[in-house]
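Each chain is listed here by its residues.
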Amino acid sequence: MHQLTKTDFIQYLNCPKSLWLLKNKPEDFPKGEFSLFLEKLIKEGYEVEEYAQQLFPDAVNLPDFGSAELTKQEIEKGNTTFFQATFLTEKGVFARIDILEKKEDGTWHIYEVKSSTSIKKDRKHNHLKDACFQKHAMLESGYKVSQVSIIHLNKEYIRQGEINPNELLEIEDVTEQINDIYSGVVNQINSAVHYINRETISLKTCTCREITRSNHCDSFKYFNPDIPEYSIYEIGRISAKKVVELIDLDVLAITDTPSDYKLNEKQQLQVESVRQNQPIIDHKEIENKLSALKFPLHFIDYETYASAVPRINGVRPHQHIPFQVSIHTMQKDGSIQHFEFLAHELELPIKLNEFMEASTGKKGTFISWHASFEMSRNKDMIKMLPQHEDYLVYMNSNMFDLEDIFKTDYVDYRFHGSTSIKKVLPVLLPDLSYNDLEVQNGTMALDVWGRMVLDDNFDEDKVKVRKNLLAYCELDTLAMVELYRELKKHSIK
């Protein structure tokens, strides 16, 4: 009999067949890479949990891999508060509860600890169903649960000095919300237990076939081998409703989309690009947008560090702190000058702002890719560093998003429905590649820089690491320069 954990259950809710494959044919389940981002989330979850445990100083800390029998023995000894209490039902439902407290009336209070700043109820992270799962395991094991709470980070908390767990964390009683959905979730748990223990299932298609690409399970290709390279799932921002409609019309390839099928303008351009097997370019609109930019042009990109628990004063949970910037400045004659800054320690970005203002001044246009990110960081820094408000306000007021051109004015089916620079660059400028870099994306940059400045046991060559970080961020802005030049060729046709 297969056990069902809380993580398994959430996977079942997203795609039952994917979980069945993992449990019954693990050799066929796509292994995938354990991402740095996922590893970071797990570490931060443990850290938040440690602060939550400080709220219960008298609790018994059970082993991380302790058994349900051990938990039972400790309860029978008369202990009333536990970390990592474990329960296993006769049907194989396995739960490990973050914090468990016995109330005066003999009933139990479950606390689930989350590293988010709110209670999530989305498809991938349903904290309420998580808590229902834990309650069910306890009830089936013979214990009465009268209260359920979720402990999460306080989004308004700003660190000043030593961290006080009572200020860092919020305890939110969700007992009524749990009671409202409990019976329905229990039915889903029982269905999951039955499903994963079936000897066979149909390996043809899975439920993810009728939802959007970002919500597909890891084993989507295994169950849906008939999906073509340029499929309807790549149509930008297509809704699940439209996916189902097209499937009902027996349409999987973008090229088979009926000419009278209702799509928005951006989606229609993408479909037309696939049909014509070439990009759809609005030369006039590109000319209009680029000619409106004021020189000098400052192509700018930040790298940022964020953590669930703030590391320095003046910072909120999960707040991004820019630690690196690359700027390529282009004059009207086409000449280029490169400016770069990389912090030696995690600190408020005072030096970074001083460097930027000294490098660019309050003149010209700032150009970024997915500009909302840089603009949000600037808004944060205005609050953190009011002495730099004038410069940051100027930057935001004179910001141009180069990505926008690739949403409507330069649409190429080879971008696979994305306007990420990592998708656009290989198509337009294949010789300019991230593949040869040691640091290849923002998550890697955050990870290696964070470890370098915060981990006393960091044993890599710091000079080499800094060189790799600078090379990555430089390519981000150089790529924008070269894409701008490529677009200028199209703007004068």
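Here's what I pulled together on the structure shown here. Source: prediction; values computed, not measured.

### A look at the overall build of the protein chain
A tally of regular secondary structure across the protein chain gives 18 helices and 13 strands. The dimensions of the protein chain, computed from C-alpha atoms along their principal axes, are 80 × 60 × 40 Å. The buried share of the protein chain, taken over its 493 residues, is 51%. Residue pairs at least 24 apart in sequence account for 67% of intrachain contacts in the protein chain once pairs closer than 6 positions are excluded. Summed over all atoms, the accessible surface of the protein chain reaches about 24,400 Å², with 47% contributed by carbon and sulfur. Averaged over its 59 positive side-chain charges, the protein chain has a centre that lies 4 Å from the centre of its 77 negative ones.

### Here we look at the packing of helix α3 (residues 36-53) against helix α17 (residues 442-454)
Remark: α3 packs on α17, axes separated minimally by 9 Å, with the N-to-C direction vectors making an angle of 45 degrees. In this view, α3 runs oblique relative to α17, as classed from their interaxial angle. Here L36, F37 and K40 of α3 come into contact with α17, specifically with T443, M444, L446 and D447. Looking at the contact of α3 with α17 residue by residue, the class counts come to four nonpolar, one polar and two charged.

### So, the sheet that holds strand β5 (residues 145-153)
Taken in spatial order, the six strands make up an open sheet running β1-β2-β3-β4-β5-β6, and their pairing is mixed. In this open sheet, the two edge strands, each paired with only one partner strand, are β1 (60-61) and β6 (169-173). On the sheet, helix α4 (residues 68-76) packs against β1, β2 (81-88) and β4 (108-113) and is oriented at approximately 130 degrees with respect to β2.

### Quick word on the pairing of strand β9 (residues 321-330)
Across a regular strand the side chains alternate sides, sitting on one face of the sheet and then on the other. In terms of burial, β9 is a largely internal element, 10 of the 10 residues being buried. Across nine bridges, strand β8 (residues 297-305) lies against β9 in antiparallel orientation. Residue pairing in the sheet places T304 in a bridge with P322 of β9.

### Side note on the side chain of S307
You can see S307 is positioned in the loop between β8 and β9. We classify S307 as buried; its relative accessible area is 4%. The contact partners of S307, leaving out residues within four places of it in the chain, are K40, E44, P317 and H318.

### Notes on the side chain of D476
With respect to the element layout, D476 can be found in helix α18 (residues 462-491). Of the side chains bearing the opposite charge, K422 lies closest to the buried D476, which forms no salt bridge; the N-O distance is 4.2 Å. Apart from residues lying up to four places away in sequence, D476 is in contact with D301, E303, I421, K422 and Y434.

### Description of unusual backbone geometry
Geometrically, the link from F295 to P296 is a cis peptide bond, its omega value of 0 degrees lying close to zero. Within the element layout of this structure, P296 appears in the loop between α11 (283-291) and β8. Not every positive phi belongs to a glycine, and N277 is a case in point at roughly 60 degrees. Position of N277 relative to the elements: it lies in the loop between α10 (265-276) and β7 (280-281).

### A few points about the packing of helix α13 (residues 371-384) against helix α14 (residues 389-397)
One way to put it is that α13 packs onto α14 with a least axis distance of 9 Å and a crossing angle of 160 degrees. The orientation of α13 relative to α14 falls into the category roughly antiparallel. Between α13 and α14 the crossing geometry is left-handed. Contacts between α13 and α14 involve M375, N378, K379, M381 and I382 from the first element and E389, L392, V393, M395 and N396 from the second.

### Quick notes on the pattern of salt bridges
Throughout the structure, instances matching the rule amount to 21 salt bridges. For the salt bridge of R451 with E460, the shortest nitrogen-to-oxygen distance reads 3.3 Å. On the accessibility criterion, E460 (37% relative accessible area) is partly exposed. The residue R485 makes a salt bridge to E482 at a minimum N-O spacing of 2.9 Å. One end of the pair is R485 and the other is E482, both in helix α18 and three residues apart, which spans about a single turn. Assessed through its relative accessible area of 32%, R485 is described here as partly exposed. Here the salt bridges do not stand alone but share partners, grouping K6, E112, K114 and D130 into one network.

Criteria and cut-off values
- Residues numbered from 1 in each chain as written.
- Predicted model: local features only at pLDDT ≥ 70, side-chain atom pairs only at ≥ 80, totals over all residues.
- Heavy atoms only, no water.
- Helix = DSSP H or I, 4+ residues; strand = E, 2+ residues; numbered from the N terminus.
- Buried < 20%, exposed > 50% of the residue type's maximum accessible area, 1.4 Å probe, protein only.
- Contact = heavy atoms within 4.5 Å.
- Areas by Shrake-Rupley, 256 points an atom, 1.4 Å probe, with all protein chains shown as cover.
- Lys, Arg positive; Asp, Glu negative; His and termini not counted.
- Charge placed at Lys NZ, Arg CZ, Asp CG, Glu CD.
- Axes fitted to C-alpha atoms, helices over the stretch in contact; angles between N-to-C directions.
- Parallel < 35°, antiparallel > 145°, perpendicular 65-115°, else oblique.
- Nonpolar A, V, L, I, M, F, W, Y, C, P; charged D, E, K, R; others polar.
- Pairing = 2+ DSSP bridges.
- Salt bridge = Lys/Arg side-chain N within 4 Å of Asp/Glu carboxyl O.
- Left-handed = near helix turned anticlockwise from the far one by under 90°.

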